[in-house]
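Listed here are the chains, written in short residue letters.
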Amino acid sequence: NSNNNNNNNNGNSGNNKNKKKRVNENNKNKKNGEEKIEKIEKNKNNNKEEVIEEENKEEEDRIKLENKKKQIQKKIKQQHCTYYISSYIFLRLIGVLFMVAFISTWTQIHGLVGENGISPISSYFERLRNGIYSSSHTGFFQYPSIFWFNQNDITIHAVCALGTLSGFLLFLDMIPVISSFLCWALYLSITVGGQSFFSFQWDHLLLETGFLTIFYTPLHFSLKPFNENPREFAIPGAISWLYRLLIFRIHFGKGIQALLGKDKAWRSLVAFSYFFETQPSPTRFSWHLHKLPDWAHQGLVFWVLTIEVGIVFLIIGPKLFRRTAALYLILLQFFYISVSNYGTWHYNVLLLCFLLIDDDFFPKINFFFRRLRLQKQRLLYLNSTKPNNNQPNKYYHKLKRLLKSKQSTIWKRRISILIAVFIILLTTIPLSLVSSNNNITAPDALVDIYRNSYSFKLVNMYGPFEKVEKDRYDLVIEGSLDAQNWHPYHYLYKAGENNLWTAPFFVSPHISRVL
């Protein structure tokens, strides 16, 4: 019995020990489980904090990028607008305009001032020599023309042919400085030798624009057509402002003279009630506009005067103002082109207004030429870094010229500034005539300079007709070989010449010297 009891006691104690071990193991497992749960929760919290930190960093980076973009946009807005594309197109089209002017002159000059023309150019220069100017050297500065040296028909046709070729070269961007100078000098010779047949405002405006173009063109002597990138062209800022001054003088001077002139037709807004019918060379649209009611004519006059006297001031403002002014001025030129034939006048003004449009208006074209410039720059850089006996090769010099091409040279800047100062001083004379009803109020020394330089047509006076005619009168000119039988001359472009029911013609930009 005692042994049995001892055995029972030993078994109970062993069971108790096993139970304690199990309890301890369970407690350890619980603690481990709790610790694992705590670790998992901590990991979750840490992951959440990391995600939040990453999101905060992304937001901070996004804010920084937005701030950088805003700073870049502000810098871009603060930068001056560029006019590479509009300047390039202007120079190409002004060459086309000179071509048209020379070809138009070529078809008529033989009958006007040729050897057997209405007023032969040889007789005109003989009168100048026998009169005031005894030598061609002194007379040249008062009547600058190549015809002082020869006046035969061969010379006349050679001048027209060379002028046409010069305009074509300017259009192709080949030796632009030389071609633009030849366009201006040859057309000036024709204007002087053509006498009263070439004394119209559109002739003077083309000469004034051509003179400024000489200093506006890029200085290169390439004989390859369209070989230069517009963005490699250093635009002289002084000449750009002279073009804007010319635009202002044309429109503001015309508008002020119309309002302050003796004729009250413009002030009373009734000018267009007669203008479409009585103007020298109307178009077929003039007939339709003439049939509009009076209130429509008054509205058109008010619109024209608002642009010429008010909106034209926007050309000196910021980019948005200049674009607005360009839009209205270009619309005004298209309006006049559709209703009247004034030679190259409105086409010339249209090209001048096109210079007000900056490069941001042509984003795709601007990006294309910018990319071409960068590609050319990279190629030249790669080729210039190749070893060549430790000496700079031809690609190095090309790269150096390319990097400096957008910066105008010192001497060119100085010349453009001198030209700008000289033109601005001369401009005070036409402006004083406008403000004081044709009474010059400028200093005598400045008036003498203007008179001595006027023969070169550097600065001219532009304005409307002195009077808006209310009735249309057409002269009938007759000729006779025997002074007995007279026959009328028939003109090519005269409205209603052969048939009153024939619609008027579109003649411009051709300049019909004799209708």
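Further up the page is the structure itself.
Throughout, a residue's number is its position along its own chain's written sequence, starting from 1. Side-chain atom pairs in this predicted model are given and counted only at pLDDT of 80 or more, local residue features only at pLDDT of at least 70, and totals for whole chains, interfaces and linings cover all residues. To get the side-chain values, take all heavy atoms of the structure and skip hydrogens and water.

J.: Just checking my understanding: could you explain the pattern of salt bridges for this structure?
T.: Opposite charge on two side chains permits pairing when their charged atoms draw close. Put simply, a salt bridge is a Lys or Arg side-chain nitrogen that is within 4 Å of an Asp or Glu carboxyl oxygen. Tallying each qualifying case throughout the model produces six salt bridges. Between Glu-208 and Arg-249 there is a salt bridge, with its nearest N and O atoms 2.7 Å apart. Here Glu-208 is found in helix 8 (residues 201–216), whereas its partner Arg-249 is found in helix 9 (residues 237–260), with 41 residues between them in sequence. Its salt-bridge partner being Asp-360, residue Lys-319 comes within 3.1 Å of it at the nearest N-O pair. Of this pair, Lys-319 sits in helix 13 (residues 319–339) while Asp-360 sits in the loop between helix 14 (345–354) and helix 15 (363–384), placing them 41 residues apart in sequence. Here the term buried applies to any residue with accessible area under 20% of the maximum for its type, exposed to any over 50%, and partly exposed to those in between, with areas from a 1.4 Å probe on protein chains only. Of the residues examined, Lys-319 reaches a relative accessible area of 30% and is grouped as partly exposed. Given a relative accessible area of 43%, Asp-360 falls into the partly exposed group. The numbering of helices and of strands both runs from the N terminus, where a helix is a DSSP run of H or I of at least 4 residues and a strand a run of E of at least 2.

J.: Explanation requested: the side chain of Thr-344 in the structure shown.
T.: Take Thr-344: it is sitting in the loop between helix 13 and helix 14. The class of Thr-344 is buried, set by a relative accessible area of 1%.

J.: So what exactly am I meant to see when it comes to the environment of Tyr-143 here?
T.: Inspection of the secondary structure assignment puts Tyr-143 in the loop between helix 5 (136–140) and helix 6 (153–171). Using a relative accessible area of 27% as the deciding quantity, one classes Tyr-143 as partly exposed. Put simply, Tyr-143 and Leu-188 are 45 residues apart on the chain and 9.4 Å apart in space, counted from C-alpha to C-alpha.

J.: Can you help me understand the packing of helix 9 against helix 14 in this one?
T.: The axes of two packed helices give the description: the angle between them and the distance between them. Fitted lines through C-alpha atoms serve as axes, helices being fitted only where they are in contact, and the angles separating the N-to-C directions of these axes extend from 0 to 180 degrees. As a packed pair, helix 9 and helix 14 sit with axes 10 Å apart at the nearest point and diverge in direction by 135°. Comparing the axis directions of helix 9 and helix 14 gives the class oblique. Between helix 9 and helix 14 lies a crossing whose hand is left-handed. Where helix 9 approaches helix 14, its residues Tyr-243, Leu-246, Ile-247, Ile-250 and His-251 are matched on the opposing element by Trp-345, Val-349, Leu-352 and Cys-353. Throughout this entry, Asp, Glu, Lys and Arg are counted as charged residues, while Ala, Val, Leu, Ile, Met, Phe, Trp, Tyr, Cys and Pro are counted as nonpolar. The remaining residues, Gly among them, count as polar. A per-class count over the contact of helix 9 with helix 14 returns eight nonpolar, one polar and no charged. Roughly parallel here means an angle under 35 degrees, roughly antiparallel means over 145, roughly perpendicular means 65 to 115, and every remaining angle is called oblique. Crossing chirality is assigned from the near helix's rotation relative to the far helix, an anticlockwise turn below a right angle marking it left-handed and a clockwise turn marking it right-handed. The contact rule is simple, with two residues in contact once any of their heavy atoms fall within 4.5 Å.

Fair warning: the whole summary comes from geometry, so function is off the table for now.
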